[in-house]
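# Residue-level structural notes
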Amino acid sequence: MSKPFYEIGVVLSGAISAGAYSAGVMDFLIEALDAYESAKAHPGWDGPTHDVRIPIMAGASAGGMTAAISALHAFRRPEHVWPGKPLPLPPANRLYSSWVHDIDIMRLLETTDLDGARAAQGVKSALCCDVIDEIVANAFELSGEIRRPNWVGRGASRDLRVFLTLTNLRGVPYSFQLFGSDDPRRYGMLNHGDYLDFNIGVAPGQADGALALDIGSTETDGWELFRTAAKATGAFPVGLAPRFIQRNELDYWHSQRVGFDSDGGFTPVYPDDWVKSVQPYSFVAVDGGTIDNEPLELVRRYLAGTGGSNERSADRANRSIILISPFPNLQKTTLEGRGERLLDVLPRLFSTLIDQARFKPDELALAQDERVYSRYMIEPERAPNAHPDSKLYPIACGVLGGFGGFLHQSFRHHDYLLGRRNAQAFFRANFSLPVSNPLFAEFPEALREKWLVRDIDSGDLRLHDTERGKEPGLPIIPLTPEIQGATPDMMKEIAIGASDLPRPQVFDNPVVRGDLQSAIEKRAATVVAALVENDLKAFTSGPLGFFKRLGARHFGTDMVVAKANDAIFGIGGAIDNVRNAFFETKV
């Protein structure tokens, strides 16, 4: 007879530089699951013994990149990051090295992507993406032996499904008859919200629509597509370079991306048949978060199975989604704007289209509803100070529209640790089910008392509403002594000390500030020159063309540099925001 089990689908939303926070959450999740599995095998273990399984991870943008790295680490045990302890070497923890150590504004401002003959290929992005290529390549250089952890997979399988969302600029065509039974014309539309589906494991099984990837051999064409997809899902429009994708055209006949709910469950809708003749189906892809920033529905359907649903009630729930969201789409008040000029409307139009594509209030409402036990959310939380910026920016990576974390390693280091701290608190005090849930049927009542979940601040029992009334809860992922202290009520808290806080004061040093400003100016001048001399040369040819291009180069460079310096160093800019948010300021 099999043990009671609980399934978790992990969804990582778009985050830009706040991928550092999401990576910290994943670091702790892997550590907690590994520790629980090891504890259950120990003869002296007196805690719950049910199985916890992760059959699927899905991500968009920076969340997709984090999901890709996490999937690799699921099969090679990482070393974890704790305050006050030496940091692991890069191959021992690619979540930390990729998001904290390797990525940085100075690397993104390099000009190697436009050096020499590469400039003739045209400008692909405002920032240099050579460092992204290096990070993705290095992510496959992992220390430790390949393993098959018990917490991965579904049923007898130890394979992990990974969905990476993409914005497909070509689009996938769908059509249906609308004009009349005798009219051959069809009403057509394009779907640009796409995703790639991978099944990763040790000699993984075959699954319809999923590309099987063997973790023991990562130099195949399939793994190359995985690498490209990881870069494509994070290709923030304009800022980072788009990627060229070639995929099996028949994938769309297995995909559950498009369809509708009916009495019989979810009914998929398939593309036009001519797509089958395009082998492979190729397109340019940009950031998956542009259209689907939180692929909750994809994971929900995978967990529930075809036509099924996930139980929401506390005393019957046996699977759930955990959404890791550094920038949750919380309710906000919009400001009236009467700017009707073209220069007023154009900057707002891009963000408006993205906001509308992401408009899924029902999904996030379920994640925040305490009565729904099939969806949870981990978001940044820390004690604020007296300044309003402290509530606006619980993470340092949140400034500069989410790009702020690239400014300094200390910003990303803090947010990584905050991700671990928030995850620890979540699994200790929030991620629980009432004692009557069948998950704990084999856990003796005599051993339950010390494992009952309590509020972190008050110490009161956390009670759940069930048909029997208020019931205390037990943890879905019990935190073992290795990561919480001698007993469950003696918490080894992940505390963030002064040495782990962001250090905006480094930019008070004129040398540090000057180096960054020089790098901004060099990058701006190089990008603008490449645009003017190559991409836009046809518009500045003819008489006086040289002077037109010269003027455009100076004007464009000066404008970009001025805006960048103001956004970073100006009054109310990114550095001020971090200083205000993390250090006591009287207002």
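The name an unreviewed UniProt entry assigns to the protein chain is PNPLA domain-containing protein, from the organism Methylocystis iwaonis.

So, on to the sheet that holds strand β14 (residues 469-475). Pairing is antiparallel across the open sheet formed by three strands, whose spatial order is β12-β14-β13. Bordering the open sheet on either side are β12 (432-434) and β13 (463-466), each of which pairs with just one other strand. Going from strand to strand, the sheet's axes swing by 45 degrees on average, the running direction of each strand aside. In this sheet, β14 lies alongside β13 in antiparallel orientation, the contact comprising four bridges. Bridging from a neighbouring strand, Asp465 pairs with Lys470 of β14.

Another aspect to go through is the pattern of salt bridges. Evaluated as defined, the whole model comprises 32 salt bridges. Of the charged contacts, one joins Arg523 and Asp113 as a salt bridge, the two residues approaching to 2.6 Å between their closest N and O atoms. With a gap of 410 residues between them, Arg523 in helix α13 (residues 510-535) and Asp113 in the loop between α4 (105-108) and α5 (130-138) connect regions that are remote in the sequence. The same class applies to Arg523 and to Asp113, which are both buried. Notably, a salt bridge pairs Glu493 with Arg421, separated by 2.5 Å at the nearest N-O pair. Here the residue Glu493 occupies a position in the loop between α12 (481-484) and α13, and Arg421 occupies one in helix α11 (residues 409-429), the gap between them amounting to 72 residues. Given a relative accessible area of 46%, Glu493 falls into the partly exposed group. On the basis of relative accessible area, Arg421 is assigned to the partly exposed category, the value being 29%.

Judged by nonpolar contacts, the single largest core of 129 residues is most densely connected at Ile200, Phe226, Phe427, Phe431 and Ile477. Per-element tally for this core: the top contributor is helix α1 (residues 19-40), with twelve residues. When neighbours within four sequence positions are excluded, Ile477 is seen to be in contact with Ile8, Leu29, Ala32, Leu33, Val52, Phe427 and Phe431. With twelve residues, the next largest nonpolar core counts Val11, Val299, Leu303 and Leu323 among its residues.

Let us look at the UniProt feature "active site" (unreviewed entry) in the protein chain. Here, UniProt's "active site" (unreviewed entry) annotation points to Ser61 and Asp287. Across 227 residues of sequence, these annotated residues stay compact in space, with a maximum C-alpha separation of 5.4 Å. Mapping Ser61 onto the fold places it in the loop between β2 (51-59) and α2 (62-74). A relative accessible area of 5% means that Ser61 is categorised as buried. The contact partners of Ser61, leaving out residues within four places of it in the chain, are Gly14, Ala15, Thr233, Gly234, Asp287, Gly288 and Gly289. Relative to the elements of secondary structure, Asp287 occurs in strand β9 (residues 281-287). Those residues in contact with Asp287, other than ones at most four positions away along the chain, are Ser61, Thr167, Ala232, Thr233, Gly234, Ala235, Phe236 and Pro237. Engagement of the side chain of Asp287 in a polar contact is seen with the backbone nitrogen of Gly289, the distance being 2.5 Å.

Side chains of Phe176, Leu178, Tyr187 and Met189 sit close together on the surface and give an oily, nonpolar patch of about 380 Å² of accessible area. Using a relative accessible area of 41% as the deciding quantity, one classes Met189 as partly exposed.

All chains considered together, the criterion is met by zero disulfides. Cys128 forms no disulfide, and the closest cysteine sulfur to it belongs to Cys129, at a distance of 6.7 Å. The class for Cys128 is buried, based on a relative accessible area of 0%.

In the segment running from Gln279 into Pro280, the intervening peptide bond is cis, with an omega of -5 degrees. Mapping Pro280 onto the fold places it in the loop between β8 (265-268) and β9. In the Ramachandran plot, Ala203 falls in the positive-phi region, its phi being about 50 degrees despite a non-glycine side chain. By the element assignment, Ala203 lies in the loop between β4 (186-201) and β5 (211-214). Despite not being glycine, Val238 has its phi angle at roughly 75 degrees, a positive value. Summarising the element assignment, Val238 is placed in the loop between α6 (221-233) and β6 (243-247). Among the residues examined, Val238 registers a relative accessible area of 66% and is labelled exposed.

Right, let's get into the packing of aromatic side chains. All chains considered together, the criterion is met by 21 aromatic pairs. Look at Phe28 and Phe427: their rings are 6.4 Å apart centre to centre, the planes differ by 15 degrees, and that puts the pair in the stacked class. With a gap of 399 residues between them, Phe28 in helix α1 and Phe427 in helix α11 connect regions that are remote in the sequence. According to the relative accessible area criterion, Phe28 is buried, its value standing at 0%.

Each value, and the rule that gives it
- Position numbers for residues start from 1 in each chain and track the written sequence from start to end.
- Only residues with pLDDT of at least 70 are given local features in this predicted model, and only at 80 or more are side-chain atom pairs given and counted; all residues enter the totals for whole chains, interfaces and linings.
- Side-chain numbers here rest on the full set of heavy atoms in the structure, without hydrogens or water.
- Strand pairing is assigned whenever DSSP identifies at least 2 bridges connecting the two strands.
- Secondary structure is summarised from DSSP: a helix means a run of H or I of at least four residues, a strand means a run of E of at least two, and numbering begins at the N terminus for each.
- Here an axis means a line fitted to C-alpha atoms, over the contact stretch when the element is a helix, while the angle between two N-to-C directions is reported on a 0 to 180 degree scale.
- Basic side-chain nitrogens of Lys or Arg form a salt bridge, by our definition, when they fall within 4 Å of a carboxyl oxygen of Asp or Glu.
- Buried, partly exposed and exposed residues are distinguished by accessible area as a fraction of the type maximum, computed with a 1.4 Å probe on protein chains only: under 20%, between the cut-offs, and over 50%, respectively.
- Here the nonpolar core consists of buried residues drawn from Ala, Val, Leu, Ile, Met, Phe, Trp, Tyr and Cys, with membership extended through side-chain atoms lying within 4.5 Å.
- By definition, residues are in contact when any of their heavy atoms lie within 4.5 Å.
- UniProt positions are given in the numbering used here, feature names are shortened, and annotations may be inferred rather than shown by experiment.
- Polar contact is defined as a pair of N or O atoms within 3.5 Å, subject to the rule that within protein one atom must be able to donate a hydrogen and the other to accept it, and that residues adjacent in sequence are counted only when both atoms are side-chain atoms.
- By definition, no residue in a patch forms a salt bridge, and every one has over 30% relative accessible area; like charges are joined within 9 Å, nonpolar side chains (Val, Leu, Ile, Met, Phe, Trp, Tyr) within 5 Å.
- Here, Shrake-Rupley sampling with a 1.4 Å probe gives the accessible areas, and only protein chains in the shown set may cover a residue.
- Two cysteine sulfur atoms make up a disulfide if the distance between them is within 2.5 Å.
- Ring geometry is summarised as follows: Phe, Tyr and Trp rings, the Trp one being its six-membered ring, pair when their centres sit within 6.5 Å, and such pairs are stacked at plane angles under 30 degrees, edge-to-face over 60 and tilted between the two.

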